[in-house]
Amino acid sequence: GENVEQHPSTLSVQEGDSAVIKCTYSDSASNYFPWYKQELGKRPQLIIDIRSNVGEKKDQRIAVTLNKTAKHFSLHITETQPEDSAVYFCAASSPGNQFYFGTGTSLTVIP
Amino acid sequence: GAVVSQHPSWVICKSGTSVKIECRSLDFQATTMFWYRQFPKQSLMLMATSNEGSKATYEQGVEKDKFLINHASLTLSTLTVTSAHPEDSSFYICSARLAGGWADTQYFGPGTRLTVL
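Residues take numbers from 1 onward in each chain, read along the sequence in its written order. Here every chain gets a letter starting at A, and every ligand a number starting at 1, in the order they are written. Side-chain atom pairs in this predicted model are given and counted only at pLDDT of 80 or more, local residue features only at pLDDT of at least 70, and totals for whole chains, interfaces and linings cover all residues. Side-chain metrics in this entry use all non-hydrogen atoms of the structure; hydrogen atoms and water are not considered.

Peer 1: Would you mind going over the sheet that holds strand S8 (residues 76–81) of chain B in detail, with residue names and values included?
Peer 2: The strands that make up a sheet are held in pairs by hydrogen bonds between backbone atoms, and each pair lies either parallel or antiparallel. Residues and elements named next belong to chain B. Read from one edge of the open sheet, four strands run S1-S3-S8-S7, paired in antiparallel fashion. The two strands at the open ends of the sheet, each matched to only one other strand, are strand S1 (4–7) and strand S7 (67–73). Here the average twist between neighbouring strands, direction ignored, is 15 degrees. Paired strands, in this sense, are two strands between which DSSP finds at least two bridges. Every helix listed is a DSSP run of H or I at least four residues long, and every strand listed is a run of E at least two residues long, numbered separately from the N terminus. As defined by bridge partners, S1 adjoins strand S3 (residues 19–25) across four bridges and the pair is classed as antiparallel. Considered in S3, the bridge of histidine 7 is made with glutamate 22. Under this scheme, a helix contributes an axis fitted over its contacting stretch, all axes are lines through C-alpha atoms, and angles between N-to-C directions fall in the 0 to 180 degree range.

Structure below.
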């Protein structure tokens, strides 16, 4: 089965700086890579996703890059704000199959 | 669009009782729903995959007779924790799969915090 690893487990950045979270996956059949943001006690919210036919996708301050050859993908948050503080999960899946989640990254943005 | 509701949001029960949690996709039909359990500061642990009109598929180590799943319609799946014990206390989250032409996306419910006394 798929194995997704996520690093770092915790990340602290100053407000305005960038944050990068990295994930690797093992199954070359995986073709869909979503990122979820989860605030304390709340549901995971889909913030951005990428499919294997593209290498990069951007949505305002958030971007995701994918390297299929190396089997890794990353979340980039620029100009971080205190409200970006949350736990972020990456996931990998192939059509019709379950999501395999990373272990999560707790991001703290220091004002 | 793609809203998933979950009810109740929290429940406190006595040891030995059963608790039913509902998961609904409000604006789309979901042939597949997933049930997760999440411990504090940990990732989502998949418990079972719920398919409409068929038996759920449980992950290894999850007791089928303890965590009963029913997916009776395209918009509703239920998880019943039978004879709950304190060790079953956790945050339970469902998700519904929105099938796409290229890949499927999962949308999560708000979760149910179960406390068993």
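Peer 1: So, the environment of isoleucine 69 of chain B: which residues are in play, and what are the values?
Peer 2: All names here are of chain B. For isoleucine 69, the position within the fold is in strand S7. Its relative accessible area of 16% is what places isoleucine 69 among the buried residues. Note on definitions: a residue-residue contact is assigned when non-hydrogen atoms from the two residues lie within 4.5 Å. For isoleucine 69, the residues in contact, after removing those within four places along its chain, are Trp35, Ala48, Ser50, Ala56, Tyr58, Ser77, Thr78 and Leu79. Only protein chains enter the accessibility calculation, which uses a 1.4 Å probe; a residue whose area is less than 20% of its type maximum is buried, one above 50% is exposed, and one in between is partly exposed.

Peer 1: Describe the interface of chain B and chain A, and please don't skip the residues or the numbers.
Peer 2: Tallying the contact residues gives 22 residues for chain B and 22 residues for chain A. The rule for a salt bridge is simple: a side-chain nitrogen of Lys or Arg has to be within 4 Å of a carboxyl oxygen of Asp or Glu. Counting every contact that joins chain B to chain A gives zero salt bridges. By the criterion applied in these results, polar contacts are pairs of N or O atoms within 3.5 Å in which, for protein atoms, one can donate a hydrogen and the other can accept it, and in which residues neighboring in sequence qualify only through two side-chain atoms. Our enumeration of links across chain B and chain A arrives at seven residue pairs in polar contact (both at pLDDT 80 or more). Of all the secondary structure elements, the ones that give two or more residues to the side of chain B that touches chain A are strand S4 (32–38), strand S5 (44–51), strand S9 (90–98) and strand S10 (105–108) of chain B. Ranked by the residues each element gives to the side of chain B that touches chain A, the list is headed by S10 of chain B, at four residues. A per-class count over the side of chain B that touches chain A returns 12 nonpolar, six polar and four charged. Under the grouping applied here, Gly and all other residues not named as nonpolar or charged are polar, the nonpolar ones being Ala, Val, Leu, Ile, Met, Phe, Trp, Tyr, Cys and Pro and the charged ones Asp, Glu, Lys and Arg.

Peer 1: Please give an account of the pattern of salt bridges that cites residues and values.
Peer 2: Counting across every chain of the model gives six salt bridges over all chains. Salt-bridge contacts for arginine 61 of chain A lead to aspartate 84 of chain A; the nearest nitrogen and oxygen are separated by 2.9 Å. Of the two residues, arginine 61 of chain A sits in the loop between strand S6 (56–59) and strand S7 (62–67) while aspartate 84 of chain A sits in the loop between strand S8 (72–77) and strand S9 (86–92), which places them 23 residues apart along the sequence. In this structure, glutamate 22 of chain B and arginine 24 of chain B form a salt bridge, with 3.4 Å as the shortest nitrogen-oxygen distance. Take glutamate 22 of chain B: its relative accessible area is 25%, and that puts it in the partly exposed class.

Peer 1: Could you give an account of the nonpolar core, with specific residues and numbers?
Peer 2: Residue and element names in this part refer to chain B. As used here, the term nonpolar core means buried Ala, Val, Leu, Ile, Met, Phe, Trp, Tyr and Cys residues forming a set that is joined through side-chain atoms within 4.5 Å. One finds Trp35, Tyr58, Phe67, Ile69, Leu79, Tyr92 and Leu114 to be the most contacted residues of the largest nonpolar core, which totals 26 residues. Mapped onto this core, the elements with two or more residues apiece are strand S2 (10–13), S3, S4, S5, S7, S8, S9 and strand S11 (112–116). In this structure tyrosine 58 touches Met47, Ala48, Glu63, Lys64, Phe67, Leu68 and Ile69, once residues within four positions along its chain are discounted.

Peer 1: Tell me about the packing of aromatic side chains, and name the residues and values.
Peer 2: The geometry of an aromatic ring pair is captured by the separation of the ring centres together with the interplanar angle, meaning the angle of the planes. Residues and elements named next belong to chain B. Aromatic pairs are defined between Phe, Tyr and Trp rings, using the six-membered ring for Trp, whenever the two ring centres lie within 6.5 Å; interplanar angles under 30 degrees are classed as stacked, those over 60 as edge-to-face, and all others as tilted. One pass over the full model with this rule turns up 14 aromatic pairs over all chains. Ring geometry for phenylalanine 28 against tyrosine 107: centres 6.4 Å apart, planes inclined by 65 degrees, an arrangement best described as edge-to-face. Here phenylalanine 28, found in the loop between S3 and S4, pairs with tyrosine 107, found in strand S10; they are 79 residues apart in sequence, far enough to count as distant. Since its relative accessible area comes to 10%, phenylalanine 28 is described here as buried. In this structure tyrosine 107 comes out as partly exposed when scored by relative accessible area, which is 22%.

Peer 1: Requested: an account of the state of the cysteines, with residues and values cited.
Peer 2: Only a pair of cysteine sulfur atoms within 2.5 Å qualifies as a disulfide here. Considering all chains together, one arrives at two disulfides over all chains under this definition. Between the sulfur atoms of cysteine 23 of chain A and its disulfide mate cysteine 90 of chain A the distance is 2.0 Å. Sign of the S-S torsion, about -100 degrees for the bond between cysteine 23 of chain A and cysteine 90 of chain A, identifies this disulfide as left-handed. On the criterion of sequence distance, the pair formed by cysteine 23 of chain A in strand S3 (residues 19–24) and cysteine 90 of chain A in strand S9 is long-range, its members being 67 residues apart. Considered together, cysteine 23 of chain A and cysteine 90 of chain A belong to a single accessibility category, that of buried residues. For cysteine 13 of chain B, which is in no disulfide, the shortest distance to another cysteine sulfur is to cysteine 94 of chain B and amounts to 18 Å.

In short, geometric facts, not functional conclusions.
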